[in-house]
Amino acid sequence: MKKHCCEDMNYHANLKCDIHENSFECPDKIIIFDEKDNDYGLIIHDGGSSSIGIDFCPWCGSRL
Ligand SMILES: [Zn+2]
Ligand SMILES: [Zn+2]
């Protein structure tokens, strides 16, 4: 498991839901982390699979 900038990011980026296989369908999942690109995104729960890329951690403010 990758270490993220803070506990909150660790929790959210690594959150795995037992009910929803697709992260975009899970209302509890708010951060999507792309390990390939090392990219963080904020999931927009609009029924599709949209996300906004984020450059700073919403919790601790670190550059991602
Ligand atoms: Zn952080
Ligand atoms: Zn879920």
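Criteria and thresholds
Residues numbered from 1 in each chain as written. Chains lettered and ligands numbered in written order. Predicted model: local features only at pLDDT ≥ 70, side-chain atom pairs only at ≥ 80, totals over all residues. Heavy atoms only, no water. UniProt positions renumbered as here; feature names shortened; annotations may be inferred. Helix = DSSP H or I, 4+ residues; strand = E, 2+ residues; numbered from the N terminus. Donors = N, O, S within 2.8 Å, 3.2 Å for Na, K, Ca; no water. Buried < 20%, exposed > 50% of the residue type's maximum accessible area, 1.4 Å probe, protein only. Lys, Arg positive; Asp, Glu negative; His and termini not counted. Salt bridge = Lys/Arg side-chain N within 4 Å of Asp/Glu carboxyl O. Contact = heavy atoms within 4.5 Å. Phe/Tyr/Trp six-rings, centres within 6.5 Å; stacked < 30°, edge-to-face > 60°. Pairing = 2+ DSSP bridges.

A. Spotlight on the UniProt feature "domain: DUF6980" (unreviewed entry) in the chain. UniProt records the feature "domain: DUF6980" (unreviewed entry) at residues 3-64, using the numbering of this structure. Annotated as residues 3-64, this span is 13% helix and 23% strand, and its ends, taken at the C-alpha atoms, are 12 Å apart.

B. Inspection of the coordination of the zinc ion (ligand 2) at higher detail. Surrounding the zinc ion (ligand 2) are the protein donor atoms C17 (SG), H20 (ND1) and C26 (SG), at 1.9 to 2.2 Å. As a motif over one chain, the donors of the zinc ion (ligand 2) read C-x2-H-x5-C.

C. Structural detail: the side chain of K29. Residue position: K29 is located in the loop between helix 1 (7-14) and strand 1 (31-34). The charged side chain of K29 is buried without a salt bridge, its nearest counter-charge being E35 at 9.7 Å. Residues within four places of K29 in sequence aside, it is in contact with H12, A13, L15, S23, I43 and H45.

D. Up close: the side chain of H12. Structurally, H12 can be placed in helix 1. Setting aside anything within four residues of it in sequence, one finds H12 in contact with K29, I30, I31 and W59.

E. Main features of unusual backbone geometry. Unusually for a residue other than glycine, N38 sits at a positive phi of about 55°. Within the secondary structure, N38 sits in the loop between strand 1 and strand 2 (39-44).

F. Examining the packing of aromatic side chains more closely. Scanning all chains against the criterion turns up one aromatic pair. Judged by centre distance (4.6 Å) and plane angle (40°), the ring pair of F33 and Y40 falls under tilted. Take F33 and Y40: they sit in the same class, and that class is buried.

G. Structural view of the pairing of strand 2. Relative to strand 2, strand 1 is paired through four bridges, and the arrangement is antiparallel. Looking at strand 2, one finds that I32 is bridged to G41. Here strand 2 folds back onto strand 3 (residues 50-53) in antiparallel fashion, the turn holding five residues, of which G47 has a positive phi close to 90°.

H. Here's a closer look at helix 1. The complete set of buried residues in helix 1 reads M9, N10, H12 and A13. On its buried side, helix 1 packs onto strand 1 and strand 2.

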